[in-house]
Amino acid sequence: MLLSIIIFLPLLGAILIALLKNMDASIIKGIALGVALITFIISVSLYLNFDPDTAGMQLGTEQPIEWIEGLGISYYIGIDGISLWLILLTTFMTPICVLAAWSSIEKGVSGFMICLLILETAMMGVFCALDLFLFFVFWEAMLIPMYLLIGVWGGRRRIYATYKFVLYTMAGSALMLVAILYLYFQNDNSFNLMTLYEKAGSLPNQKLLFLAFFIAFAIKVPLFPFHTWLPDAHVEAPTVGSVILAGVMLKMGTYGILRFCLPLFPEGVAAYTPLVVTLSVIGIIYGALVAMVQPDLKKLIAYSSVSHLGFVVLGLFALNNQGVQGSILQMINHGLSTGALFLLVGMIYERRHTRMISDFGGLSKQMPIFATFFLIVTLSSIGLPGLNGFIGEFMILLGSFISGEFSIVYAIIATTGVILAAVYMLWMFQRVMFGELDNPKNQVLKDLNLREIVVLIPIVIFIVWIGVYPKPFLSRMEKSVNHVLTQSKSTATIKTEPPTIVLDATSEVERVDRPFTMEGRSK
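Residues numbered from 1 in each chain as written. Predicted model: local features only at pLDDT ≥ 70, side-chain atom pairs only at ≥ 80, totals over all residues. Heavy atoms only, no water.

Helix and strand content of the protein: 21 helices and six strands. Rg of the C-alpha trace for the protein: 22 Å, near the compact-globule value of 24 Å for 523 residues, within the 12% margin. Seen along its three principal axes, the alpha-carbon backbone of the protein occupies a region of about 70 × 55 × 40 Å. Here the protein, with 523 residues, has 61% of them falling under the buried criterion. In the protein, the proportion of contacts linking residues at least 24 apart, taken out of those at least 6 apart, comes to 78%. Just so you have it, the protein exposes about 19,100 Å², and 66% of that area is on carbon and sulfur atoms. (Helix = DSSP H or I, 4+ residues; strand = E, 2+ residues; numbered from the N terminus. Rg over C-alpha atoms; globule rule 2.2 N^0.38 Å. Buried < 20%, exposed > 50% of the residue type's maximum accessible area, 1.4 Å probe, protein only. Contact = heavy atoms within 4.5 Å. Areas by Shrake-Rupley, 256 points an atom, 1.4 Å probe, with all protein chains shown as cover.)

This is the structure in structure tokens:
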């Protein structure tokens, strides 16, 4: 019941705003902010009531509730240590987005807030659904409000960006739908994900099914070479649209890989891991190099997301506890850091109506508070020790290094992405913040106001907290990660070259000097 309330409360808020749409814009914004804050406060109880010693699903529906009679479609939700943090990230970022849009959205305020709240419901539904049909409904429902956010409130080329975003996503969704229907008939005419986990080892055509799901999720990540829709969507989206897109929506792709691809299709994982890891490393380097030459702040941050999420996918396919936990933590880190970067770019755009790096210079003299927040978030994005980005990237690279001798090559190449990130982020910061304040338009800029400071402070708190003390975040995902890895290795025998690791149910790392098998072992 609690989880259902959290999922659908924003939807109820959207309906309320629709009924009161003719009221003053400030009242509409207040209702949206109140609903988002209440949703976040209630969602904190998920953290408080979550049992970190339980690997399976909890806090949802104990049994599937029949939704469409006779078709095996049910309302079945729950969370584990993986989805817990993505739910909290969603409910945390939404009120920040409402507050960030307070002055930037002046036309169609009620429609904007309705789209934002519906989008929150859809995203949380994706992270909680344990029925494949329900998952697909939430997955597709997310497209409509994001399409409107970009298409109605976006920039000059917003229509092109929305078409590209929707067409890419729909192409992946079509493949996933075919795979879901195939699994439905293999699962005794049921969309129940839990029963599918039990049959995963005996599923036929696992390689094709893996590809169908993986391509849909890789487009959403986006993983190279499926990334070309992202820069256009980010550049044309309003600030809040970019924050939600980078902060939460991109994580739906990496979450889908972890929830579906790894445990359901172990044969596909074994067959395509070298390809996926190669694409991840290419994405890390490619995204960093392209970001380095961008003249537009927003486009630079967009390409940095391609690089950072390449790290996330690399960690997932390390197939060990360190890599997967690091990837989940990096999903949260990226949502905080990149979301904050887009907020900061939006704040300076409201003042100067330009995002070109060449139009700035010396802003630290005129806007010291803005420069301080920008520096903290920039250092977080490049993985400075003591801030959140370092923990996630370190665990991912550690997992990649210990996953096998051949993987060391990938890990070394990926490590150069950390260096390149420092280059393009610090160079960008230098050009924007330092130098002569010789542009008359920059000399009259006002520093951050109280509302903007309130928007950024919660994000900075978590950036420092995760960097200094990540244990509360890691401890609640450990059992669930071990469970997923155990599922992926116990459902089938997987053989691969070269030597790598075996993870048993206790998550200990065992080095072997031969082709390994991922076979279920009883303690």
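Now for the pattern of salt bridges. Enumeration according to the criterion identifies six salt bridges in this entry. With a closest N to O distance of 3.6 Å, D232 and R157 form a salt bridge. With D232 in helix α10 (residues 229–236) and R157 in the loop between α6 (143–153) and α7 (158–186), this pair connects stretches of sequence that are 75 residues apart. Among the ionic pairs, D296 bridges to R355, the shortest N-O distance being 3.4 Å. Here D296 is found in the loop between α13 (266–292) and α14 (297–316), whereas its partner R355 is found in the loop between α15 (321–352) and α16 (363–366), with 59 residues between them in sequence. Note on D296: relative accessible area 9%, which makes it buried. Through salt bridges that share partners, R157, K164 and D232 make up one connected network. (Salt bridge = Lys/Arg side-chain N within 4 Å of Asp/Glu carboxyl O.)

Before going further, it helps to spend a moment on the environment of Y469. Along the chain, Y469 turns up in the loop between α20 (450–468) and α21 (471–490). Exposure remark for Y469: the relative accessible area of 43% places this residue in the partly exposed category.

So, about the packing of aromatic side chains. Under the defined criterion, the tally for this structure stands at 32 aromatic pairs. With centroids separated by 5.9 Å and ring planes inclined at 65°, the aromatic side chains of W67 and F133 adopt a geometry described as edge-to-face. Here F133 lies in helix α5 (residues 132–141) and W67 lies in strand β1 (residues 65–68), a separation of 66 residues in the sequence. Look at F135 and F217: their rings are 6.4 Å apart centre to centre, the planes differ by 75°, and that puts the pair in the edge-to-face class. Taken together, the residues span a long stretch of sequence, with F135 in helix α5 and F217 in helix α9 (residues 206–220) at a distance of 82 residues. The exposure class of F135 is buried, given its relative accessible area of 1%. (Phe/Tyr/Trp six-rings, centres within 6.5 Å; stacked < 30°, edge-to-face > 60°.)

Relative to the helices and strands, D131 resides in the loop between α4 (109–128) and α5. No salt bridge is formed by the buried D131; its nearest oppositely charged neighbour, K199, is found at 13 Å. Side-chain polar atoms of D131 contact the backbone nitrogen of L134, separated by 3.0 Å. Residue contacts for D131: discarding those within four places in its chain leaves G72, I73, S74, Y76, F191 and N192. (Lys, Arg positive; Asp, Glu negative; His and termini not counted. Polar contact = N/O pair within 3.5 Å; in protein donor to acceptor, adjacent residues only side chain to side chain.)

Nonpolar side chains collect at one region of the surface, where I144, Y147, L148, V152, I159, Y163 and L167 lie side by side and expose about 670 Å² of accessible area between them. Those elements that provide at least two residues to the nonpolar patch are α6 and α7. One can find I159 in helix α7. (Patch = residues over 30% accessible without salt bridge, like charges linked within 9 Å, V, L, I, M, F, W, Y side chains within 5 Å.)

F213, M249 and F317 are the most contacted members of the largest nonpolar core, which has 185 residues in total. The residues touching F317, leaving out its near neighbours within four places in the chain, are F210, F214, I257, L262, V269, T273, V276 and V277. (Core = buried A, V, L, I, M, F, W, Y, C linked by side-chain atoms within 4.5 Å.)

For the pair F135 and G467, spaced 332 residues apart in the sequence, the C-alpha separation amounts to 33 Å. The residues touching F135, leaving out its near neighbours within four places in the chain, are V126, A129, M176, F217 and F260.

Here helix α1 (residues 2–19) is 18 residues long and its end C-alpha atoms lie 25 Å apart, about the 26 Å a rise of 1.5 Å per residue gives. Of all the residues in α1, the buried ones are L3, S4, I6, I7, P10, G13, A14 and I17. Those residues of α1 that are buried are in contact with α2 (25–49), β2 (73–75), α3 (83–100), α4 and α5. (Expected span 1.5 Å × (residues − 1).)

Turning our attention to the pairing of β1. In terms of strand pairing, β1 meets β2 through three bridges, oriented antiparallel. Pairing of I65 across the sheet is with Y75, part of β2. (Pairing = 2+ DSSP bridges.)

The next subject is the side chain of D80. Checked against the element boundaries, D80 lands in the loop between β2 and α3. Within the structure, D80 has its side chain in polar contact with the side chain of R259 (distance 2.8 Å). Setting aside its immediate chain neighbours within four residues, D80 contacts F50, A55, G56, M57, R259 and S480.

What follows is about the environment of L71. Structurally, L71 can be placed in the loop between β1 and β2. In this structure L71 comes out as partly exposed when scored by relative accessible area, which is 42%. In contact with L71, other than residues within four places in its own chain, are Y184, N189 and F191.

Each neighbour pair has its own omega, and for V221 with P222 the value is -10°, a cis peptide bond. For P222, the position within the fold is in the loop between α9 and α10. Of note, the amide linkage connecting F224 to P225 takes the cis form, showing an omega dihedral of 5°. Note that P225 resides in the loop between α9 and α10. For H353, which is not glycine, the phi torsion reads 55° and is therefore positive. Its place among the elements puts H353 in the loop between α15 and α16.

With that settled, the discussion passes to the packing of α9 against helix α12 (residues 251–264). Running from N to C, α9 and α12 point in directions that differ by 170°, and their axes come no closer than 8 Å. In terms of orientation, α9 and α12 fall into the roughly antiparallel class. Contact residues: α9 offers Q206, F210, F213, F214, F217 and K220, while α12 offers M252, G253, G256, I257, F260, C261 and L264. Taken together, the residues of the contact of α9 with α12 sort by class into nine nonpolar, three polar and one charged. (Axes fitted to C-alpha atoms, helices over the stretch in contact; angles between N-to-C directions. Parallel < 35°, antiparallel > 145°, perpendicular 65-115°, else oblique. Nonpolar A, V, L, I, M, F, W, Y, C, P; charged D, E, K, R; others polar.)

Keep in mind these values describe shape, not function.
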